[in-house]
Each structure stands twice: as C-alpha cells, then as structure tokens.
There are 2 protein chains.
Amino acid sequence: MRYSRITLHGRPVWAEVADGLVHVLDGDPITGKPRRTAERVPLNGVDLLPPVIPPVFYAVGFNYRSHLEHFGKQAPERPEIGYRANNALTGHGSPIVRPAGVEGRFEAEGEVVAVIGRTVKKATRQEAQESVFGWTIGNDVSAREWQHADRTFWRSKNSDTFKPMGPWIETDVDPLAQTTTVRIDGDVKAKFATGDMIFDPFDYIVEVTKYITLHPGDVLWMGADSTVQLEPGNTVDIEISGIGALSNPVLEEQ
Amino acid sequence: MRYSRITLHGRPVWAEVADGLVHVLDGDPITGKPRRTAERVPLNGVDLLPPVIPPVFYAVGFNYRSHLEHFGKQAPERPEIGYRANNALTGHGSPIVRPAGVEGRFEAEGEVVAVIGRTVKKATRQEAQESVFGWTIGNDVSAREWQHADRTFWRSKNSDTFKPMGPWIETDVDPLAQTTTVRIDGDVKAKFATGDMIFDPFDYIVEVTKYITLHPGDVLWMGADSTVQLEPGNTVDIEISGIGALSNPVLEEQ
C-alpha cells in the first residue's frame, strides 16, 4: 500500500495512492485502519504533502563507506542518531529554495526513510522490524560552507525547503534490497545499493530505543552514499526502486 | 495569563491556571482565543503536562559567560541554535529517570523558554518580540559522560524524561529581568539573572528566521548559567521569578 497526504478543502488529509488515483481516507493509516471516503482525485493533478510530519525527525549522518571516504571520516563504531527539523520539510514537486548567501557546494543526498508505526522502547531486532510502518524517500539537501562554518546543522541542513520527503509511504518493500538513483534534469548522477549501509535501520532502532521511546510517525532518514551538486534551474529526482521517485525543482531565493 | 495542558477524560486539553484552579479551555490559546469550559479542577490535584509539544524544539547551547568558562569554551560570536527532541519532554511533577549505565556528572540546567505564537520569517527585532506568545521553564538534564563520548546529543540530552518543561506558559513577564534559582531538596544550589545571556531570545529569533520559519508552538530553550548535580532520590526545582517553579523528582531506572 502507498499512503500520502494531500490538501483537501484547505486541510491536510491522508490518502491512499493506487492506479493513478489518490483516494482520500477517513483517518491516519499509521495509528488506525482508515477507509476510503468517496473523494478521489487523479494523482497527476494533486500536490503531495510530506507524507508525515514526525513528532521527532531522526537522521543518520554517515552510513555508507564511500560517503565517509569522500568526507575523510572514520566509519562509526556504533549506530548514533542525529536530528533534522520539521520546518525544512517540503513535499514532492515543491521547490527547494537556495537561500541568498549560499555559495559553493549545495548538494542533494538521496536517502531511504523509515516511518515508525508503533510506540517502541528497548526493542529487540524483531520488534524493531515490526515497528516500521513503511518506507519513503528523503533528500537531505545541505549547504556545505554553512555546515563547516557553523557549530550545528541549523541552517546548513535545516533551512526552509531543505528536506523534501515523499512522494508517499510504501508499506510493502524490502528497504535493504533496492537501488537509489539520483538524477539531475533526467541525467543519472549517482546510483547505489540501499543495502550498503554500515548499520541498517533496525540496528538504529535497537540502539536508539535503549534510551529513547520511538513514537508513531517518527522518521529515521538512513543516510546517503553520494552527494550531487544542485544549481537553481535544476530538477532533482531521487528514485528508490520499489518505493517511487521524489522530484523537486531548485530555485534561487528572490 | 498562565496556560498549561492537563489530561482530561484520557485526552490532553488546554487549560488556564488562575487562583489555584485549572480552568479547562475549549481550544488552543497559542493559535486561537479559547474560552473557559464549565470544567475546572484544583491545581494541586492535577498532573500538568508539558505546556506545549513543539513542532520544532530549539535549544541554545552556551549562552552565559560563566557556563562557558566552566566548560572551557569560547563565547559564541553569533547566535547559533541547536535542537532537542520531543520524546524527552515530561511535565511538572513527573520523574526524571536516570538510565542504567549513566555514571558521573548527571546535571540539571535551569532555562527560560520562549514559546512562539505566530508564523514568522525574516523577523525584525520588533517582530521577534511580537512573535513570542509566552515564557515557560525548562530543565536541560544532561548525562555528561555520554555528551563527551557521543557524536551527537542523542542520548546525553534526549533520553526519555531528560527535558522537563512547565509548569505553565506565563504570557505577562519580562524574561530578561528575572532570577533563576535551582534547588535540590529545597537547598539553593544555583542562582543567576536570566538577563545575563550573551544573546537574548530576540537576537536568536532574528538570526534563525533569516533562514528558518518559526511556527506557533515552537520553543526556544535559552541556556543556563549553572549546572547542578542530580542524584536519584533528589527533587530538583527550577524557579524563575515571574513565571513559576518546575519541580521533578529524580529516580533511577529499574
């Protein structure tokens, strides 16, 4: 099943995506078992919102060996999680806006995202697997000069529009057996196996929940193997086989 | 006015605190103008929830000179914001649970907290002042050995129960003209002027909103001047004049 959110009559609602249609649901599929309402719209005529606004937005930093080598970092010895911020979320099709003052490397990172489906603490590996509701796609847009200049990732990774997520949550896919492809204006710029992670999502859930309760709707962005430069005027697509493609144009702040 | 949230008939509701009573409201005072319902309960018979669950939980790291000197850090040249996580929030009166495996310094930091009341981007200083709905109190509980051992603050500052916030939001107070007092079992362990901040809340709002939209309910924890050791069995009170006192017992994880 594929679930997303759209704006209907001025309000965000959950929807099921099937057969080129978006079927509006009468509730939240993460915490309940909603049914289709009578309302449906064609998929290609609708703006998809970020499929979930997480209570906590978790993100893995370095989780692929070649990405570590690119930045001259040592591989992590433990699965340690970090954070991103909800203000930066934007949906499939919405612009990534490069702020005035960003120079140099302004990059996309295509990531598989776990969406948590239940409240979980001190999870076993099996409980970690059962705790995931589904999988979506994230683009961890990063302004590298700010990343290096600042004490935290506040503006380098969390400026408005820097966290496209979507287009939907896919509940029936093996996230570790897929291929991530990053395209700029249709040209393939990066391609890697999702399964090449150093620590997989369930390793993270087991480790995080030793201390932290995960809640329904929390997301874990799992890191990227490659970075791809973005310029205003580009359209960047992050495709993950078995899930879909997250596409966003890049604009310059006016 | 003082606003908080309580659990009523199994659901969190907004309430107004006045004259030793908690008056249940029919809506959210941050985004609307709710009225009192007929329901009210005595303040001392009720569990106060964290007064708001923020869309984004912002926190200042070092913002008082003697705190910087204590950690051997240079004063920041710019107001740079960081993040905490909602899983760690807990209300007035609820226990701070020291996880198994925490040794050494396990400390309280008493902080004044700005609660944002409106959507704001690229704020002037006056708009920053107008964007704050009210002020509450936070205790930025920190496990220092984890803070030094880990790449991020994930478990050192964001383990469950590490972020008491409350008891309520006070809308009518000058946050820069108050005194913060930290007591352990009634004994004063730290006392400092809230106004000794290097950058004040409005400096942060002006800087953050150059890149980031702040939303109603977002919180900014403004940093502490002192750290105070916590031991299981203690009760820690953070009192800020003009706002109130946030009190939490400290327990050991079983």
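In this text the structure is predicted, and so the values were computed from the model without any measurement. (Residues numbered from 1 in each chain as written. Chains lettered and ligands numbered in written order. Predicted model: local features only at pLDDT ≥ 70, side-chain atom pairs only at ≥ 80, totals over all residues. Heavy atoms only, no water.)

Caption draft 1: Geometry of the overall build of chain A. Secondary structure summary: chain A contains five helices and 20 strands in total. Taking 254 residues into account, the globule formula puts the C-alpha radius of gyration at 18 Å, and chain A, at 17 Å, falls close to it. In terms of overall dimensions, chain A has a C-alpha envelope of 50 × 45 × 30 Å along the principal axes. In chain A, which comprises 254 residues, the proportion classed as buried is 58%. Sequence separation of 24 or more characterises 71% of the internal contacts of chain A that already satisfy a separation of 6 or more. Just so you have it, chain A exposes about 10200 Å², and 46% of that area is on carbon and sulfur atoms. Each charge class in chain A can be summarised by its mean position, and for the 26 positive and 35 negative side chains these summaries are 4 Å apart. (Helix = DSSP H or I, 4+ residues; strand = E, 2+ residues; numbered from the N terminus. Rg over C-alpha atoms; globule rule 2.2 N^0.38 Å. Buried < 20%, exposed > 50% of the residue type's maximum accessible area, 1.4 Å probe, protein only. Contact = heavy atoms within 4.5 Å. Areas by Shrake-Rupley, 256 points an atom, 1.4 Å probe, with all protein chains shown as cover. Lys, Arg positive; Asp, Glu negative; His and termini not counted. Charge placed at Lys NZ, Arg CZ, Asp CG, Glu CD.)

Caption draft 2: Expanded view of the domain arrangement of chain A. Residue and element names in this part refer to chain A. With domains assigned, chain A is organised as domain 1 (1–49) and domain 2 (50–252). Spacing between the C-alpha centres of domain 1 and domain 2 amounts to 23 Å. Each partner contributes residues to the interface: domain 1 has 13 residues there, and domain 2 has 20 residues. Taken together, the two surfaces of domain 1 and domain 2 that pack against each other cover about 1300 Å², and 57% of this comes from carbon and sulfur. (Domains from an automatic or database assignment. Buried area = accessible area lost by both parts, 1.4 Å probe.)

Caption draft 3: Molecular detail of the layout of surface pockets. Here the second largest pocket is characterised by a volume of approximately 410 Å³. Lining the second largest pocket are R5, I53, N86, N87, L89, T90 and D160 of chain A together with P55, V56, T213, H215 and D218 of chain B. Residue classes in the lining of the second largest pocket are distributed as four nonpolar, five polar and three charged. (1 Å grid on protein atoms, 1.4 Å probe; cavity = no way out; pocket = protein on both sides within 12 Å on 5 of 7 lines; lining within 4 Å. Points joined across faces, edges and corners; volume = space filled by probe spheres on them. Nonpolar A, V, L, I, M, F, W, Y, C, P; charged D, E, K, R; others polar.)

Caption draft 4: Focus on the UniProt feature "domain: Rv2993c-like N-terminal" (unreviewed entry) in chain A. The positions that UniProt labels "domain: Rv2993c-like N-terminal" (unreviewed entry) are, in the present scheme, residues 1–51 of chain A. End-to-end, the C-alpha atoms of residues 1–51 of chain A are 13 Å apart, and along that stretch the chain is 0% helix and 57% strand. (UniProt positions renumbered as here; feature names shortened; annotations may be inferred.)

Caption draft 5: Quick peek at the interface of chain B and chain A. Between chain B and chain A, the contact holds 34 residues from the first and 34 residues from the second. Roughly 2800 Å² of surface becomes buried between chain B and chain A when both sides are summed, with 51% attributable to carbon and sulfur atoms. Broken down residue by residue, the surface that chain B buries against chain A is led by R151, W154 and Y211 of chain B, which jointly contribute 28%. Run the count over chain B and chain A and you get six salt bridges. Applying the counting rule to chain B against chain A returns 24 residue pairs in polar contact (both at pLDDT 80 or more). Elements with a minimum of two residues in the side of chain B that touches chain A: β7 (81–83), α3 (144–149), α4 (154–158) and α5 (201–208) of chain B. (Salt bridge = Lys/Arg side-chain N within 4 Å of Asp/Glu carboxyl O. Polar contact = N/O pair within 3.5 Å; in protein donor to acceptor, adjacent residues only side chain to side chain.)

Caption draft 6: Spotlight on the side chain of E16 of chain B. All names here are of chain B. Note on placement: E16 falls in strand β2 (residues 11–18). One polar contact links E16 to R36, side chain to side chain, over a distance of 2.9 Å. Other than its neighbours up to four places away in sequence, E16 contacts M1, R2, Y3, L21, V22, H23, L25 and R36.

Caption draft 7: View of the sheet that holds strand β13 (residues 142–143) of chain B. Residues and elements named next belong to chain B. With respect to topology, three strands assemble into an open sheet ordered β13-β10-β18, the strand pairing being antiparallel. Looking at which strands have only one partner, the edges of the open sheet turn out to be β13 and β18 (228–229). Two elements, strand β10 (residues 106–108) and β18, share two bridges in a ladder whose sense is antiparallel. Counted as the bridge partner of E107 is Q229 from β18. (Pairing = 2+ DSSP bridges.)

Caption draft 8: Region of the structure containing the sheet that holds strand β16 (residues 187–193) of chain B. All names here are of chain B. An order of β9-β20-β19-β15-β16 is seen for the five strands of this open sheet, with the pairing classed as mixed. Each having just a single partner strand, β9 (96–98) and β16 make up the two edges of the open sheet. Each strand axis lies, on average, 20° off the axis of its neighbour in the sheet, ignoring direction. With five bridges connecting them, strand β15 (residues 179–184) and strand β19 (residues 235–240) associate as antiparallel partners. Pairing of I184 across the sheet is with V236, part of β19. (Axes fitted to C-alpha atoms, helices over the stretch in contact; angles between N-to-C directions.)

Caption draft 9: Quick peek at empty space enclosed by the protein. Under the criterion given, the structure shown has one cavity of 30 Å³ or more. Of the voids in this model, the largest cavity is the one considered here, and its volume is about 140 Å³. What lines the largest cavity is a set of 16 residues, and nearest its centre among them are P55 and R84 of chain A together with P55, F57 and R84 of chain B. Here the lining of the largest cavity is composed, by residue class, of 12 nonpolar, two polar and two charged.

Caption draft 10: Spotlight on the packing of aromatic side chains. Overall, the coordinates contain 18 aromatic pairs over all chains when judged by the stated rule. A centroid spacing of 5.5 Å and a plane angle of 70° characterise the contact between W154 of chain A and Y211 of chain B, whose relative ring orientation is edge-to-face. Taken together, the positions of W154 of chain A in helix α4 (residues 154–158) and Y211 of chain B in the loop between α5 and β17 (219–221) put the pair across two chains. A single burial state applies to W154 of chain A and to Y211 of chain B, both of which are buried. Centroid distance F57 of chain B to W221 of chain B: 5.1 Å. Interplanar angle 45°. Geometry classified as tilted. With F57 of chain B in strand β6 (residues 57–60) and W221 of chain B in strand β17, this residue pair connects regions lying 164 residues apart in the sequence. The exposure classification of F57 of chain B matches that of W221 of chain B, with both residues buried. One Lys or Arg, K157 of chain A, reaches over the ring of F153 of chain A and ends 5.7 Å from the middle of that ring. (Phe/Tyr/Trp six-rings, centres within 6.5 Å; stacked < 30°, edge-to-face > 60°. Lys NZ or Arg CZ within 6 Å of the ring centre and 35° of its normal.)

Caption draft 11: Expanded view of the nonpolar core. In this structure, F106, L220 and V236 of chain A together with F106, I205, L220 and V236 of chain B are the most contacted members of the largest nonpolar core, which totals 110 residues. With residues up to four places along the chain from it excluded, the contact list for L220 of chain A reads Y58, I81, V112, V113, A114, I116, P201, Y204, I205 and L214 of chain A. (Core = buried A, V, L, I, M, F, W, Y, C linked by side-chain atoms within 4.5 Å.)

Caption draft 12: Expanded view of the relation of the copies chain B and chain A. Mapping chain B onto chain A calls for a rotation angle of 180° and an axial translation of 0.0 Å; the resulting RMSD is 0.0 Å. Here the symmetry operator amounts to a two-fold rotation axis. (Least-squares fit on C-alpha atoms with pLDDT ≥ 70 in both.)

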